[in-house]
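Coordinates in review
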Amino acid sequence: MRFALTEDQIDFRDAVRGLLADTCPPEAVRAAWREQVGEVPGGGDGRVRAAWDALAEMGVLGVMVPESAGGLGMGDEDIVALLVECGRVALPDPISSTAYVATGLLRDHVAGDEAAGLLGRIAAGTATVLVGFPGSAHLPAAATADVFLMCDRGEVHLLDRSGVELTEVISVDGARALGTATWEPSDATVLVGGEAGSIAVTRAFDRAALGVAAQLVGLGQRMLDMTVAYASDRRQFGVPIGTFQAVKHQLADASLAVAFAEPLVLRAASSLATGDPDGPVHVSMAKARASEAALAAAAASLQCHGAIGYTVEYDLHLFLKRAWALAARYGDADFHRDRIRSVLLA
Amino acid sequence: MDLTWSESEQAFREECRTWLSSHVPSAALPSGDTREGFSVHVEWERELHADRWAVVSWPEAYGGRAASLWEWLIFEEEYYRAGAPQRVTQNGIFLLAPTIFEFGTPAQQDHYLPRMSAAEDLWCQGWSEPNAGSDLAGITSRAVRDDAAGGWRLSGQKTWTTRGAFCTHLFGLFRTDGDAERHRGLTYFLVPLDAEGVTVRGFGRLDGDEGFAEVFLDEVLVPDNPAEDAASDAATASMSRGGTLGGIDQGWGVAMATTTSERGLTLRSPGRFRATATRLVDLAKELDASGRLTERLADRVVDAWIDAEAYALYTLGDVTGIVEGRSPGARSSYNKVFWSELDIRLHRAALDLLGADAEIDGPWMRGYEFALSGPIYAGTNEIQRNIIAERVLGLPRK
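Residues numbered from 1 in each chain as written. Chains lettered and ligands numbered in written order. Predicted model: local features only at pLDDT ≥ 70, side-chain atom pairs only at ≥ 80, totals over all residues. Heavy atoms only, no water.

1. Here's the deal with empty space enclosed by the protein
Residue and element names in this part refer to chain A. Scanning the entire structure with this criterion turns up one cavity of 30 Å³ or more. Here the largest cavity defines a volume of roughly 80 Å³. Surrounding the largest cavity, Asp93, Ser96, Ser97, Val101, Pro140, Arg176, Ala208, Val212, Gln215, Leu326, Arg329 and Tyr330 form its lining. Breaking the lining of the largest cavity down by element, the ones donating at least two residues are helix H5 (95–109) and helix H7 (194–233). Grouping the constituent residues of the lining of the largest cavity by class yields six nonpolar, three polar and three charged. (1 Å grid on protein atoms, 1.4 Å probe; cavity = no way out; pocket = protein on both sides within 12 Å on 5 of 7 lines; lining within 4 Å. Points joined across faces, edges and corners; volume = space filled by probe spheres on them. Helix = DSSP H or I, 4+ residues; strand = E, 2+ residues; numbered from the N terminus. Nonpolar A, V, L, I, M, F, W, Y, C, P; charged D, E, K, R; others polar.)

2. Looking at the pattern of salt bridges
Counted by the stated rule, this structure contains 53 salt bridges over all chains. Residues joined in a network through salt bridges with shared partners are Arg267(A), Arg13(B), Arg17(B), Glu77(B), Glu78(B), Arg81(B), Arg274(B) and Glu309(B). (Salt bridge = Lys/Arg side-chain N within 4 Å of Asp/Glu carboxyl O.)

3. Structural notes on the nonpolar core
Membership of the largest hydrophobic core comes to 199 residues, with the highest contact counts inside it found for Ile95(A), Leu210(A) and Tyr188(B). The dominant element in this core, judged by the number of residues it contributes, is H7(A), at 19 residues. Excluding anything up to four places from it in sequence, Ile95(A) contacts Trp52(A), Leu55(A), Val60(A), Leu61(A), Leu83(A), Cys86(A), Tyr100(A) and Gln215(A). In terms of nonpolar packing, the next biggest core, distinct from the first, is built from 24 residues, Trp152(B), Ala165(B), Val191(B) and Leu217(B) among them. (Core = buried A, V, L, I, M, F, W, Y, C linked by side-chain atoms within 4.5 Å. Buried < 20%, exposed > 50% of the residue type's maximum accessible area, 1.4 Å probe, protein only. Contact = heavy atoms within 4.5 Å.)

4. As for the environment of Arg161(A)
Relative to the helices and strands, Arg161(A) is located in the loop between strand E4 (155–160) and strand E5 (165–168). Not counting the four nearest positions on each side in its chain, Arg161(A) is found in contact with Ala143(A), Thr144(A), Ala145(A), Asp146(A) and Phe148(A).

5. Some remarks on the packing of H5(A) against helix H6 (residues 113–124) of chain A
Residue and element names in this part refer to chain A. Packing of H5 against H6 leaves a shortest axis separation of 10 Å and a crossing angle of 160°. Of the possible angle classes, the one that applies to H5 and H6 is roughly antiparallel. Here H5 runs over H6; the crossing is left-handed. Where H5 approaches H6, its residues Thr98, Thr103, Leu106 and Arg107 are matched on the opposing element by Ala115, Leu118, Leu119 and Ile122. Residue composition of the contact of H5 with H6, grouped by class: five nonpolar, two polar and one charged. (Axes fitted to C-alpha atoms, helices over the stretch in contact; angles between N-to-C directions. Parallel < 35°, antiparallel > 145°, perpendicular 65-115°, else oblique. Left-handed = near helix turned anticlockwise from the far one by under 90°.)

6. With respect to the sheet that holds strand E1 (residues 129–132) of chain A
Residues and elements named next belong to chain A. As summarised here, the arrangement of the four strands in space is E1-E3-E4-E7, forming an open sheet in which the pairing is mixed. Both edges of this open sheet fall to E1 and strand E7 (190–192), since each of them pairs with a single strand only. Within the sheet, the average angular offset between the axes of one strand and its neighbour, ignoring direction, is 30°. Here six bridges tie strand E3 (residues 147–152) to E4, and the two strands are oriented antiparallel to one another. Each residue of the ladder has a partner; that of Cys151, found in E4, is Val156. (Pairing = 2+ DSSP bridges.)

7. Structural notes on the interface of chain A and chain B
Taken together, the contact pairs 38 residues of chain A with 47 residues of chain B. Regarding the contact of chain A and chain B, the summed buried area is about 4100 Å², with carbon and sulfur atoms giving 66% of it. For the salt bridge of Arg341(A) with Glu295(B), the shortest nitrogen-to-oxygen distance reads 3.2 Å. Linking chain A with chain B are 16 residue pairs in polar contact (both at pLDDT 80 or more), by the criterion used here. Mapped onto the side of chain A that touches chain B, the elements with two or more residues apiece are H7, helix H8 (245–274), helix H9 (279–305) and helix H11 (333–344) of chain A. (Buried area = accessible area lost by both parts, 1.4 Å probe. Polar contact = N/O pair within 3.5 Å; in protein donor to acceptor, adjacent residues only side chain to side chain.)

8. Focus on the side chain of Arg322(A)
The residue Arg322(A) is located in helix H10 (residues 316–327) in this model. Leaving out residues up to four positions away in the same chain, Arg322(A) has contacts with Val29(A), Ala90(A), Leu91(A), Pro92(A), Asp173(A), Ala175(A), Arg176(A) and Leu219(A).

9. With respect to the confidence of the model for chain B
Residues at a pLDDT of 70 or more form 97% of chain B, whose mean pLDDT is 94. As scored by the predictor, the complex reaches a pTM of 0.95 and an ipTM of 0.95. (pLDDT = per-residue confidence, 0-100.)

Next comes the structure, spelled out in structure tokens:
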């Protein structure tokens, strides 16, 4: 029994945290807002692209890619720990979709040279791959994606950019660069079908939910860090507002929610990695609590910042809006509670 | 991460389960917070001790099995899963004992610990006073030097002392230096309650049981700790009349070591909440079978279940850290707030499932009444949230 990241995982996570702090500061996220659809993932002025390249160089995009295809050959726990860091800096998508969900799907459910080639391009940072699910029509960074893995009626279909018709959708979070994809399933587009198809779709959905849950934990921690720093500095009535118990207790409560969501996220990653039959329930626990925790952190952070937090000049809104978007992505807390209930009270 | 138990840990679990299944009383014992129930519970404690289950993580010489922290968690899980009786010895074995292991002299350890594990000495905690609850450093009970008698004279009043009317000994803080700043000048004393000058008066708690006591001390003599080279008979005689832990005027630091145990792991292992969550789910299923489970109630059951899981996992992280030499420190306040409020949610959900039957005397209402004390004792949750804000998050104190 050992419930913690390994020393190697912590070292890797810390390195990624440092890299992202340098390459994806709030200005980079803000820049991705200005030009939503561009040449690069998340659009913007090239800074997000540079962060993406740096992540490829460090091996982050290929964490789950087999070594034979140019990756690091690691697993769910490794990538989930790093997705927390991506959430912390509000890295514009599609890191989770590409480096976790699509990679896991290609690695675990598709054999052959085509999959290996695509995995190699993911690891190298030269292909972004989106995974679409029925009921989640909007895809982040849609216009710049290279490959679409669309799940439909228990099958996974592979389409390139020419195979989908994209329509831009405006998100509350401008860095999301959302689009809807219209496409036609055909025998020629089926990548995984039959019994294997529905297993692959279920697994991919669990990974999608967990990848976002990890990002939400990072977002929650970041918003709280920003708010603690602000409340320690901002003075009213002659003292820092962080000395007021009404402020302290709001932040303590939000940090409690985040602190108890994080182990659920790590456990779910471990369960998916080991093929635990309770994996889907564990994912739902993680996503339900991570969604609620990030929303709680967002609400407390906005309130404790006061008016400055309610401006677009200040950075907080970049994180708030990402949290709002991701909290409902791949099932909000209610959706996942229902999923747990159907097993627990069966 | 490795969320599996080793073969020897699984064997330990099996051994726990087997013993418990053949020893746990089939009918619930009367409350251990009543005079009659307490003595029945002490008998149970002696039964645990006879087969070395009372303090599994302690050294064998003191009645334990030298079990690892992991094995202790397993024991706790099995204990609560089996529906075994409440531990009326908990304030001794979970709160005082860690302090004796850390601060006691070898002679004190040899004297007090075996008697504690055997439920011969039954300890209560003497911290709160009428005017010092959350503000523990505000205590005014004092200890005055009596050189002629070779010890300290303790005077003052302790209150809300859990099971104080039934216990044999009290550990508590007393002011040894009246001139020192509040947190200094306190000393951690061990006091037998049959000493001359001690008066104990039990009184009813919210749940109606005489689980609280006031303890009045009037110039109670507690001897100095025996010298290291004292003859063993003389040392034993002295220690049976009480003593001090961790040095004169050092009581605050010694007490804080105990509060970390109290807030965190040792007092409230996750096994208890998981067992309660399982019973809650069973209750919900019964209602569901008769078509009376509403969506809202089902959601609360699911939420309570998730939280019991989250607490268990958080604890696994704590234990991993402790085993590898990382102390949870102020983060133990997270545990305390979380388990105490979870316990209320679990019981409140059960009462709401029971509906109008909830008021009828039964385990859920009794459990609810007890759960309501959780956010108050061991440092109120308001104090815990201050600690989280200041010492975990780093917000300014002033």
